[in-house]
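A look at the structure
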Amino acid sequence: CAVKAAHVLSEIAKNEEMKKPCIEADLVLTLIPLLESTDQEMLLHAGRAIGRICYDNRDLQEELVKVGVIPSLVRILTDYAESEPLVQVALLALYNLADLDSAKEALSMTKVAEQLVKQLRRAESHERSEIIFEVLQALAENDALKVQLVEAGVPEVLSEILLRLQGSSQAEDTCIVRAASDLIVSLLLGGKKGNITGQVTKNNAKSIVSIFARRENSQGKNSLNSEFASLVSIIVFLTSLTCLVLPLSSDGNCLRMVQLGVIHQLLDLLEKHVQSGDTSVQQAALSALQNLAVPVVSKVQNLEEGVGERIEALLRSESPPVQFKLLGTLRMLADGQADAAEILGHDPMLLSRLVQWCSVSDHSGICGEANRLLASILHHNRSQEVVKAIQAAQGVKHLVSMTTSEHAAMQNEALNALAIASAIDLETLEESFKESQLVQSLHKLLQDDNTSPEVKYNSMGLLCRLLNSGDLRQEIEEDKIKDTLEQLCSHSNASVVKEAITTLQVLRGET
């Protein structure tokens, strides 16, 4: 009797005019417990009735989540994975609910990702695949669910789908490729709590290399079929996964990807999408290049492949997110590599853009990243010409300002960079240091109780370099920094005390 009643309700709910009476009669709340049934016919009719009554009614959908419909839907996907009608009911329900924050929160407490991956592998129709992609795309907006999607093997199944559809000219296949590419980019771009791609396992990373090798063998390194250019975004995503998980691994997955031609594939993709204005793909490609630049062996390969020059050519992009990624990629290349730092430091166009970005007030992320790249170039460089070039580009004043950043890491980067530059060519920097009141800024850092011990230590290291200039020594003496240094000799941090003693000795001419 109950099964028949549920069937009747599901048919009545097809009629738009009958939805309101069903809602007023509280039939939805009556139907919810029926989703716990083990009778498949009951589940089918109850699920259809609930879905039809609640369709396009946000308040009712929120109520469904509140009363616990999510675990029931996931249970149906789990227990009846082979039943096409029940799977369709559950997927349509998730499709309608997935945009709700409350639904995402409830789904994050389940194993829905595993079930969606299973269904995506089983999907035989384009319609079924598209529904699953829509659900996955909505879930990827939630950080916790994003981690689950990666752990459940979404990247792997996406790569399989894209490789299977490669070369197809059917419109339906092109739609699937686009949906898969969009999902890949969503996963790659990370969430509010940081990049989630480090959750990928070693075995998954090895399979990624294998997948790319298969594609390379079948198409050749430089093939970028216009209909399937978005296929390369799978390489963008999976490269990032591998490099984050195994940057220094013994099996050399990261270097293997470089050898397979990933770098130029990504650069080709970047250049194409800078022209088309597709910023999401630009960001994804830059993330992959940034991760490829982490291992030292890959840095060298990147430089030999001309990555620095080609990335710099993309500076014409006016998209803040792309600019941010671009700066981060170049900083990764310069980190620990004197040759790379010197190449970047000899590029007047780059230095000019960096100085412009250093004062971009409406994009703090770009401003900070530009300052960090400028500091990295100066820090890792050993050339007097680069010091002169940065001075000529008026970049020194920005690094002096960076010493007062609210972030200790950035303060230390600026202090170390200025100390190294002072050791290389203090005479060139002297006038800028005076104009930007570097000595006074360092004194404030030493006096401030909130300044971290490491910043105090590095500030004194820079002071020791400045004492080699007669004019700057005079400023240091006039500002009575000596008194502050004497107070720091009783600081609670042993390293600060030791550096304060050393700086006093240099100030007094005892060393």
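The written sequence of each chain sets the order in which its residues are numbered from 1. For a predicted model such as this one, the threshold for reporting local features is a pLDDT of at least 70, and the threshold for listing and counting side-chain atom pairs is 80 or more; totals across whole chains, interfaces and linings nevertheless cover every residue. With hydrogens and water stripped out, all remaining heavy atoms of the structure feed into the side-chain values.

**Topic: the side chain of Thr110**
For helices the rule is a DSSP run of H or I covering at least 4 residues; for strands it is a run of E covering at least 2, with both sets numbered from the N terminus onward. Among the secondary structure elements, Thr110 is positioned in the loop between helix 8 (101-107) and helix 9 (112-122). By the criterion applied in these results, polar contacts are pairs of N or O atoms within 3.5 Å in which, for protein atoms, one can donate a hydrogen and the other can accept it, and in which residues neighboring in sequence qualify only through two side-chain atoms. Here the side chain of Thr110 touches Leu107 through a polar contact of 2.7 Å, landing on its backbone oxygen. Separated by 3.2 Å, the side chain of Thr110 and the backbone nitrogen of Val112 make a polar contact. For Thr110, the residues in contact, after removing those within four places along its chain, are Ile70, Val74 and Gln148. A contact between two residues is defined here by any heavy atoms of the two lying within 4.5 Å.

**Things to note about helix 25 (residues 384-392)**
Given 3.6 residues to a turn, an α-helix orients residues that are three or four positions apart in the same direction. Accessibility here uses a 1.4 Å probe with only protein chains present; expressed as a share of the type maximum, an area under 20% marks a residue as buried, one over 50% as exposed, and anything in between as partly exposed. Within helix 25 the residues assigned to the buried category are Val386, Val387, Ile390 and Gln391. In an axial view of helix 25, the angular spread of the buried residues amounts to 140°, which keeps them on one side of the axis. Those residues of helix 25 that are buried lie in contact with helix 22 (338-345), helix 23 (348-357), helix 24 (364-380), helix 26 (396-402) and helix 27 (408-435). Two residues or fewer after helix 25 comes Gln394, characterised by a positive phi angle close to 65°. By construction, the arc corresponds to the directions joining the helix axis to the C-beta atoms.

**Comments concerning the UniProt feature "repeat: ARM" (unreviewed entry) in the chain**
UniProt positions are given in the numbering used here, feature names are shortened, and annotations may be inferred rather than shown by experiment. This chain's UniProt record puts "repeat: ARM" (unreviewed entry) on residues 68-107 and 261-293. The distance separating the terminal C-alpha atoms of residues 68-107 is 11 Å; by composition the span is 80% helix and 0% strand.

**A closer look at the nonpolar core**
Here is a general trend for soluble globular proteins: nonpolar side chains tend to be buried in one another's company. By nonpolar core we mean a set of buried residues, namely Ala, Val, Leu, Ile, Met, Phe, Trp, Tyr and Cys, connected to one another through side-chain atoms within 4.5 Å. With 67 residues, the main nonpolar core has Leu354, Phe433 and Leu466 as its most contacted residues. Examining the composition of this core, we find that 10 residues originate from one element, helix 27, more than from any other. Of the domains in this structure, domain 2 (336-432) and domain 3 (437-510) are the two that each give at least three residues to this core. Every residue in contact with Leu354, bar those within four places of it in the chain, is listed here: Leu327, Ala370, Leu373, Leu374 and Ile377. Either an automatic procedure or a domain database provided the assignment from which the domain bounds are taken.

**Observations regarding the pattern of salt bridges**
As a working rule, side chains carrying opposite charge can pair if their charged atoms are close by. One side-chain nitrogen of Lys or Arg within 4 Å of one carboxyl oxygen of Asp or Glu is enough to make a salt bridge. Scanning the model with the defined rule gives 15 salt bridges in all. Note that Arg75 is salt-bridged to Asp79, the shortest N-O span being 3.4 Å. One end of the pair is Arg75 and the other is Asp79, both in helix 6 (residues 69-79) and four residues apart, which spans about a single turn. Glu486 is paired through a salt bridge with Lys482; the nearest N and O atoms lie 2.8 Å apart. With Glu486 and Lys482 both in helix 31 (residues 481-488) and four residues apart, this pair spans about one turn of that helix. With relative accessibility at 34%, the residue Lys482 sits in the partly exposed group. One salt-bridge network, held together by shared partners, links Glu82, Glu84, Arg122 and Arg128.

**Side note on helix 1 (residues 2-12)**
Along helix 1, the positions that sit buried rather than exposed are Val3, Ala6, Leu9 and Ser10. Taken end-on, helix 1 shows its buried residues confined to a sector of 125°, consistent with a single buried face. Of the surrounding elements, those touching the buried residues of helix 1 are helix 3 (27-31) and helix 4 (40-54).

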